[in-house]
Amino acid sequence: CVATVGVAANSVTSALALLIRIASSPLSPTGLAWVPETSSGGALVNDIRGRCLLRFEGTESGVNERIAAVSRLLEPVVQPWVWGGSESAAIWRALRDAAPVATSPVVLKLSLPPTASPAVANALAARQLQCWYLDAGGAWIWIGMETGAAVELVQALRDLLRPVGGSVIIMRAPAALKSTAGVLTPPAPALAALTGRLKQSFDPLALFNPGRLYPA
């Protein structure tokens, strides 16, 4: 049995507070995400906008008990939405496939400590970017944007996340943009030198992924 519980959350701060609370509880969720109200992406995404999404799996009785426990954690006036079966599966398939940002020409995936998500949200708001969502309990942020200011944003986000060990991957973009910004976050100089020497020892002719992970 699989079910997804949706709980209204109108800010990244309130969403993260709930996601972290559920993640640290004994409820054992198998999926935690938040889709801001500003996201777009079709009818399914419209149904989940502005909501934290909590997935539970197990026996029917066990899942029902955890849904009831979530309801008890919320304010009495808050009524969660519940999707089961194929509807629940469709929600997480859409999030896996980056549906809320899929129509954007540039798609970024950030990996970061969840506590750093508000700083990223503030950076996006300052640039009036509204097409993004949280997955993996806030450890991933997916962003959709136009190509115009993408290089500058990628560099700004990498600078923001570097002190906390985060990274930015360009999942989709024109080839020229990928070449300029680099698909992956560059490693620290010492690590880059070490991995470069390892690659040289295993691939002295630079036959594998030339120009992708390391300079050609």
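Our subject is the structure listed above.
Residues numbered from 1 in each chain as written. Predicted model: local features only at pLDDT ≥ 70, side-chain atom pairs only at ≥ 80, totals over all residues. Heavy atoms only, no water.

### Digging into the side chain of Arg66
1) Next: By the secondary structure assignment, Arg66 is in helix H3 (residues 60-73).
2) Next: Among buried charged residues, Arg66 stands out as having no salt bridge; its nearest opposite-charge side chain is Glu65, 6.9 Å away.
3) Next: Polar side-chain contacts of Arg66 include one of 3.4 Å to the backbone oxygen of Ser28. (Helix = DSSP H or I, 4+ residues; strand = E, 2+ residues; numbered from the N terminus. Buried < 20%, exposed > 50% of the residue type's maximum accessible area, 1.4 Å probe, protein only. Lys, Arg positive; Asp, Glu negative; His and termini not counted. Salt bridge = Lys/Arg side-chain N within 4 Å of Asp/Glu carboxyl O. Polar contact = N/O pair within 3.5 Å; in protein donor to acceptor, adjacent residues only side chain to side chain.)

### Here we look at the pattern of salt bridges
1) Next: Tallied over the entire structure, the rule returns five salt bridges.
2) Next: The partner of Glu37 in a salt bridge is Arg49, with the nearest N and O atoms 3.4 Å apart. With Glu37 in the loop between strand S2 (31-35) and helix H2 (43-48) and Arg49 in the loop between H2 and strand S3 (51-57), this pair connects stretches of sequence that are twelve residues apart.
3) Next: For Arg49, a relative accessible area of 24% translates into the label partly exposed.
4) Next: In this structure, the salt-bridge partner of Asp97 is Arg96, at a minimum N-O distance of 2.9 Å.

### A word on the environment of Leu74
1) Next: Mapped onto the fold, Leu74 is located in the loop between H3 and strand S4 (81-84).
2) Next: Note: C-alpha distance between Leu74 and Leu18 (56 residues apart in sequence) is 9.3 Å.

### Considerations on the nonpolar core
1) Next: Within the largest apolar cluster, 45 residues are counted, with the highest numbers of intra-cluster contacts made by Trp34, Leu54, Leu108, Leu110 and Trp132.
2) Next: Sort the elements by how many residues they give to this core and helix H1 (residues 12-23) lands first, with six residues.
3) Next: In this structure, Leu108 is in contact with Ile141, Trp142, Ile143, Met145, Leu153, Val154, Leu157, Val168, Ile169, Ile170 and Met171, ignoring residues within four places of it in sequence.
4) Next: Trp83, Leu95, Tyr133 and Trp142 belong to the second largest nonpolar core, which has 15 residues in total. (Core = buried A, V, L, I, M, F, W, Y, C linked by side-chain atoms within 4.5 Å. Contact = heavy atoms within 4.5 Å.)

### As for H3
1) Next: Here H3 contains 14 residues, and its C-alpha end-to-end distance of 20 Å stays within 8% of the 20 Å for a straight helix at 1.5 Å per residue.
2) Next: Burial in H3 covers these residues: Gly62, Val63, Arg66, Ile67, Ala69 and Val70. Buried residues of H3, viewed axially, fall in a sector of 160°; they line one side. Residues Glu60, Glu65 and Arg72 are exposed on H3 and point more than 90 degrees away from its buried face.
3) Next: Of the surrounding secondary structure, the elements contacted by the buried residues of H3 are strand S1 (2-8), H1, S3 and S4. (Expected span 1.5 Å × (residues − 1). Arc of directions from axis to C-beta.)

### Observations regarding the side chain of Thr4
1) Next: As for its placement among the helices and strands, Thr4 is situated in strand S1.
2) Next: Owing to a relative accessible area of 0%, Thr4 belongs among the buried residues under this scheme.
3) Next: For Thr4, the side chain forms a polar contact with the side chain of Trp92, separated by 2.8 Å.
4) Next: With near-sequence residues (within four places) excluded, Thr4 lies in contact with Leu53, Leu54, Arg55, Trp81, Val82, Trp83, Ser88, Ile91 and Trp92.

### Looking at the packing of helix H5 (residues 117-126) against helix H6 (residues 150-161)
1) Next: Contact pair H5 / H6: the axes reach a minimum separation of 11 Å and the direction vectors enclose 155°. Classified by the angle their axes make, H5 and H6 are roughly antiparallel. In this structure, H5 crosses over H6, and the sense of that crossing is right-handed. Contacts from Ala119, Val120, Ala123 and Leu124 in H5 reach Leu153, Leu157, Leu160 and Leu161 in H6.
2) Next: Classifying every residue of the contact of H5 with H6 by side-chain character gives eight nonpolar, no polar and no charged. (Axes fitted to C-alpha atoms, helices over the stretch in contact; angles between N-to-C directions. Parallel < 35°, antiparallel > 145°, perpendicular 65-115°, else oblique. Left-handed = near helix turned anticlockwise from the far one by under 90°. Nonpolar A, V, L, I, M, F, W, Y, C, P; charged D, E, K, R; others polar.)

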